[in-house]
Amino acid sequence: LAMLLKTMIHFLAMTQLILKASKLKNTHSISNIPGDKSISHRAIILGSLANNTSIFQNFLMSEDCLHTVKIFQQLSIPITLNKENKTVTIQGQGLYGLKPCETQLDVGNSGTGIRLITGILAAQSFPTTISGDHSIEKRPMKRIITPLSNMGASITGISIEGKTDIYPPLHIHPSKINAVNYTLPVASAQVKSALLFASLFSKNPSTIIEPESCRNHTEIMLQNFGADIHIAGKSITCSGKNELSNPYKKTITIPSDFSSAAFFIVLACLIPNSNWTLKHIGINPTRGTLIDILIQMGATITLKNKNTQDMEPFADIEIKGSELHNIEIPKESIPFIIDEIPVLAIAGLFAKGTLIVKNAKELRVKESDRIKTTKALIEAFGGSIKEYEDGFSLIGQSSILPSPVIIQSQGDHRIAMSGAIGALASQRDITIHNTDCIKTSFPNFENLIKDALL
Ligand code: S3P
């Protein structure tokens, strides 16, 4: 019955986004791209484990991050939100300050939430259960369960017939955490972060080795909060020798999310003669690589007012409309653009030549199977795209269907938003089904689109 109710609520909640072919502003400036999702999750987690108070500004008030807030409140951390000022205040209770919670913890749609938080729950002296929405119940968890079990954790989940992985809900039993040396089988910041968080609960150092570098917000924040962490190339060593403490006396400002900005960066590239500026965007090199890729494809993008304040680098991004040509994406760039690949495919649709994305098997286990959903997205525009096990190749400027374009988001926020960008760039009417998911990461997306119309 609970399952049935959940499904019914899911269907009732389904929404549509309908855009009419419209002209966009040539000169435009956007200063309210919301805060970085990855950093916002980590702000709550490390703020809770610190032994003092932290105040973060430009916190992402989206469903994913609000689920993380609620979870730490349920674990007895005093957290207050000021939604108007986008500020969150966390009264950290120290590494051992979390308290038992009887109810099942709910991450909503957030893979980052469930993986990162499980790393901490694994080390608690009380049991917990954690799960999320329909999509979360299909996300593979063996990637964290195996290494966390090597550290002494005890986690059980659900087996699904015909599949070899383990899925939420995860039941986490009280355990003592030991240090580990572990080489990640895939470059995943979520897995790396889960293990780094667990390593905070052992006095002996753990070493985690990444096969390819991937986003490093956890390492940056741990360093700033005084953790015993050492980074040597792709090897990260961390222990719980030090207490965590927020060193900033003032409010910490979270940069705006590069992955959200990416939709407008691609759109601006595709508008002839445009001159757009996106303000205060996070440009951590493990995140901003789409800019280098687009420049290689012929885009005119300049970073202005570069600065590093409160841990992470940010800049204003100036984009001028340009003719693009497709390229083959280098293997080592894939982890740095993993969330931007659907919107990169939209850029590829309007560029000359063939866009080749390989070594990106991780796309299959995102909010949707993003190789399949990106293929369906491109085909909805009449584009020609071939699917590989680990990516796709797409012939740009292939035949484009007349309006209206109809897209199913498959509950994936980035597919829904990429569809909107494709329609705006090609001045087509579009109907995108099931767009409620956009709220998980980018609550003001529709408003920012309206502001960009002539
Ligand atoms: C994230 C890591 C990435 C990314 C996700 C956010 C994070 O996942 O796709 O949206 O905040 O650590 P993987 O590291 O598992 O690829």
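Our structure is the block above this text.
Since this is a predicted model, take the numbers as computed values, not measurements. Each chain has its residues counted from 1, running along the sequence as written. Residues qualify for local features only when their pLDDT is at least 70, as the model is predicted, and side-chain atom pairs are given and counted only at 80 or more; totals for whole chains, interfaces and linings, by contrast, use all residues. Excluded from the side-chain calculations are hydrogens and water; all other atoms, namely the structure's heavy atoms, are used.

Caption draft 1: Looking closely at the site of the ligand. Think of it this way: one heavy atom of a residue within 4 Å of a molecule or strand is enough to make that residue near it. By nearness alone, every residue bordering the ligand is listed as Ser38, Arg42, Thr112, Ser188, Ala189, Gln190, Arg215, Ile338, Asp339 and Lys366. Between Arg42 and the ligand, the recorded distance is 2.7 Å, taken from a side-chain N or O atom to an oxygen atom. In the analysis that follows, any N or O atom pair within 3.5 Å is treated as a polar contact, provided that within protein one partner can donate a hydrogen and the other can accept it, and provided that, for residues neighboring in sequence, both atoms belong to side chains. A distance of 2.5 Å separates an oxygen atom of the ligand from a polar atom in the backbone of Ala189. Within the complex, 95% of the 390 Å² of free accessible area of the ligand lies under protein. Helical segments are the DSSP runs of H or I of at least four residues, strand segments are the runs of E of at least two, and each set is numbered from the N terminus. Of all the secondary structure elements, the ones that give two or more residues to the shell around the ligand are helix H2 (37–49) and helix H6 (189–199). Three classes are used: nonpolar for Ala, Val, Leu, Ile, Met, Phe, Trp, Tyr, Cys and Pro, charged for Asp, Glu, Lys and Arg, and polar for all others, with Gly counted as polar. Residues belonging to the shell around the ligand are distributed by class as follows: 2 nonpolar, 4 polar and 4 charged. Exposure was quantified through the Shrake-Rupley algorithm and a 1.4 Å probe, taking into account, for residues, occlusion by the shown protein chains and nothing else.

Caption draft 2: Local environment of the pairing of strand E21 (residues 405–408). By the alternation rule, side chains of E21 split into Val405 and Ile407, which are all buried, and Ile406 and Gln408, of which none is buried. Strands qualify as paired when DSSP identifies two bridges or more between them. Here 4 bridges tie E21 to strand E22 (residues 430–433), and the two strands are oriented parallel to one another. Its bridge partner being in E22, Ile407 is matched across the sheet by Ile432. One crossover worth recording links E21 to the parallel E22 by way of helix H12 (residues 413–426), and it is right-handed. Only protein chains enter the accessibility calculation, which uses a 1.4 Å probe. A residue is then buried if its area is under 20% of the maximum for its type, exposed if over 50%, and partly exposed in between. A clockwise path from the first strand over the helix to the second, with the strands pointing away from the viewer, defines a right-handed crossover.

Caption draft 3: Geometry of the pairing of strand E2 (residues 27–30). Of the two faces of E2, only the one carrying His28 and Ile30 is buried; Thr27 and Ser29 on the other face are not. Pairing of E2 with strand E15 (residues 275–282), which is carried by 4 bridges, proceeds in the parallel orientation. Residue pairing in the sheet places Ser29 in a bridge with Thr277 of E15.

Caption draft 4: Molecular detail of unusual backbone geometry. A cis amide bond, omega 0°, links Pro168 with the succeeding residue Pro169. With a phi angle near 50°, Asn305 is a residue other than glycine that sits in the positive phi range. Along the polypeptide, Asn305 turns up in strand E16 (residues 300–309). Of note in the backbone geometry, Gln427 takes a positive phi value of approximately 50° without being a glycine. Along the chain, Gln427 falls in the loop between H12 and E22.

Caption draft 5: Representation of the packing of aromatic side chains in the model. Two rings from Phe, Tyr or Trp (for Trp, the six-membered ring) form a pair when their centres are within 6.5 Å of each other. A pair whose planes differ by under 30 degrees is stacked, one over 60 is edge-to-face, and the rest are tilted. Under the defined criterion, the tally for this structure stands at 5 aromatic pairs. Seen from their ring centres, Phe264 and Phe445 are 5.8 Å apart, and the 55° between their planes marks the pair as tilted. In this pair, Phe264 sits in helix H8 (residues 258–270) while Phe445 sits in helix H13 (residues 445–452), placing the two residues 181 residues apart along the sequence. The class of Phe264 is buried, set by a relative accessible area of 0%. Residue class for Phe445 comes out buried when judged on its relative accessible area of 0%. Ring geometry for Phe442 versus Phe445: centroids 5.3 Å apart, planes at 65°, classification edge-to-face. Considered together, Phe442 and Phe445 belong to a single accessibility category, that of buried residues. Three or more aromatic residues joined by ring pairs form one cluster here, namely Phe263, Phe264, Phe442 and Phe445.

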